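Here is what each chain is made of, one letter per residue.
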Amino acid sequence: MTPWGLFVLFSSLAMIGFGGVLPWVHRSLVERRRLLTPAEFAEIFAFAQLLPGPTICNLAILVGYRRCGLAGGLAAVTGMVVPPALGVLGLAVLYDHYGGTPLVSDVLRGMSVVAMALICSMAIKMARAMPRTLRAGVFAAAMFAAIALLKWPLVAVMLGLGGLAVLLQKKPDVGGA
Amino acid sequence: MDSPWSIAGQILLHFALLSLMAIGGGVVALSPEMMRFMTETHQWVSHQVFVEAFTLAQVAPGPNFLFATILGYRAAGVIGAAAATVALVGPPSLLTVLALRYGNRLIGRSLGTRIRLAVLPLSIGMMAATSWSLTLMAVQTVTQIGLFAAAVAILLWTRLNPLWLIAVGGVLGALKVV
């Protein structure tokens, strides 16, 4: 697969990804084209989530790099970002012109409620996967309180809590998560 | 009043810094901080515009973090949009490529696993904070709360495509039910 092919593939995945691209990437790469096995996908996805930045972009880079080196990785992420960014910009401009009408505001308001539900359910699903230890709970609660309730700046909180968490984290084989 | 170039520059710097902190939950988890920066530290957009941008990006095809593109546009036009997008994608992409090339040599499995385990509760806390802050803004009336609760339940316990729910939300909004 050439870099151009990767660009086309990932931009088409992005442009049909209404509401989110990930399920389409799985469908295409694992189920349809069989470029990755389910196990490979899961591993790449976990790595993409751990690395900073938008998960789907990291995933594109990882897959693209695997197939075509640096050029492949860059082509894939460019496809994932640029066409949809232009699309979203076009939508925002359209909204400027036609969005002011009461009907559009009403529709968007209703959609926003559901969009919030999407975030909430994602947070709950993540919380289900959390290790059930006191330390994990305390750190999660501290993070929540600092950001949502105290509204402290993220940079400081992340460095502080993050540094503390890594220091306290024992090696996996020693036990204690 | 700052010029668009100045605003775009500040967005570029701040979002680039934030991008490196989007661990585990993606960029969406950075929303409370982005909101704070865009609506309070600088009054470049209102809270309502923030929620609108978020929803538009959810509905549009493509990655959801592109709500930042809209925010950048609202704050500083096309260069603001470009700045916000490049800032969120650029540094992490560079880091990912570096990790691919040199990661195994520098960090090794053990430290990598330690970091991953340590950060997991924090990213969950961040996600919870994001949900909290955004929901408070968009879900206020009794019917909105009802729709919100029903949608969360459906999302957690069925495999229904979320786009159907978004469509229902739009219809209910048009009917002035929510």
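Residues numbered from 1 in each chain as written. Chains lettered and ligands numbered in written order. Predicted model: local features only at pLDDT ≥ 70, side-chain atom pairs only at ≥ 80, totals over all residues. Heavy atoms only, no water.

## Let's talk about the overall build of chain A
Line of reasoning, step 1. On a plain count of helices and strands, chain A comes out with seven helices and zero strands.
Line of reasoning, step 2. Helices and strands in chain A line up, N terminus first, as α-α-α-α-α-α-α.
Line of reasoning, step 3. The C-alpha radius of gyration computed for chain A amounts to 20 Å, which surpasses the reference 16 Å derived for 177 residues by more than 25%, pointing to a less compact arrangement than a globule.
Line of reasoning, step 4. Expressed along its principal axes, the backbone C-alpha trace of chain A runs to roughly 50 × 50 × 30 Å.
Line of reasoning, step 5. Buried positions account for 44% of the 177 residues belonging to chain A.
Line of reasoning, step 6. At a minimum sequence separation of 6, the contacts of chain A that also span at least 24 residues come to 42%.
Line of reasoning, step 7. On chain A, roughly 8500 Å² of surface is accessible, and the fraction owed to carbon and sulfur atoms is 71%. (Helix = DSSP H or I, 4+ residues; strand = E, 2+ residues; numbered from the N terminus. Rg over C-alpha atoms; globule rule 2.2 N^0.38 Å. Buried < 20%, exposed > 50% of the residue type's maximum accessible area, 1.4 Å probe, protein only. Contact = heavy atoms within 4.5 Å. Areas by Shrake-Rupley, 256 points an atom, 1.4 Å probe, with all protein chains shown as cover.)

## Some remarks on the overall build of chain B
Line of reasoning, step 1. For chain B, the count of helices and strands is seven helices and zero strands.
Line of reasoning, step 2. Secondary structure elements of chain B, listed N to C terminal, follow the sequence α-α-α-α-α-α-α.
Line of reasoning, step 3. Considering only C-alpha atoms, chain B reaches an extent of 60 × 45 × 25 Å along its principal axes.
Line of reasoning, step 4. The 178 residues of chain B split such that 55% are buried.
Line of reasoning, step 5. Relative to all contacts within chain B whose residues are 6 or more apart in sequence, the contacts with residues 24 or more apart total 58%.

## Points about the pattern of salt bridges
Line of reasoning, step 1. Counted according to the given criterion, the structure contains five salt bridges over all chains.
Line of reasoning, step 2. Across the salt bridge formed by B:Arg74 and A:Asp96, the nearest N and O atoms sit 2.7 Å from each other. Of this pair, B:Arg74 sits in helix H4 (residues 67-106) while A:Asp96 sits in helix H4 (residues 55-98), on two different chains.
Line of reasoning, step 3. The class of A:Asp96 is partly exposed, set by a relative accessible area of 42%.
Line of reasoning, step 4. Note that A:Arg109 is salt-bridged to A:Asp106, the shortest N-O span being 3.0 Å. Taken together, the positions of A:Arg109 and A:Asp106, both in helix H5 (residues 102-128) and three residues apart, correspond to about one turn of that helix. (Salt bridge = Lys/Arg side-chain N within 4 Å of Asp/Glu carboxyl O.)

## Focus: the confidence of the model for chain B
Line of reasoning, step 1. When pLDDT is averaged along chain B, the result is 89, and 94% of the positions lie at 70 or above.
Line of reasoning, step 2. Interface scoring of the predicted complex returns ipTM 0.79; its pTM is 0.79. (pLDDT = per-residue confidence, 0-100.)

## Remarks on the interface of chain B and chain A
The figure often quoted for interface size is the accessible area lost as the parts come together.
Line of reasoning, step 1. At the junction of the two partners, chain B supplies 89 residues and chain A supplies 83 residues.
Line of reasoning, step 2. Of the roughly 7800 Å² buried at the junction of chain B and chain A (both faces included), carbon and sulfur atoms supply 78%.
Line of reasoning, step 3. Of all residues in chain B, B:Pro61, B:Arg114 and B:Leu122 bury the most surface against chain A, accounting for 9% of the area lost on that side.
Line of reasoning, step 4. On the surface where chain B and chain A come into contact, there are eleven residue pairs in polar contact (both at pLDDT 80 or more).
Line of reasoning, step 5. For the side of chain B that touches chain A, the secondary-structure elements that each account for two or more residues are helix H1 (4-19), helix H2 (31-41), helix H3 (47-59), H4, helix H5 (108-138), helix H6 (142-157) and helix H7 (162-174) of chain B.
Line of reasoning, step 6. For the side of chain B that touches chain A, the element with the most residues is H5(B), which contributes 24 residues.
Line of reasoning, step 7. Split into classes, the residues belonging to the side of chain B that touches chain A amount to 57 nonpolar, 24 polar and eight charged. (Buried area = accessible area lost by both parts, 1.4 Å probe. Polar contact = N/O pair within 3.5 Å; in protein donor to acceptor, adjacent residues only side chain to side chain. Nonpolar A, V, L, I, M, F, W, Y, C, P; charged D, E, K, R; others polar.)

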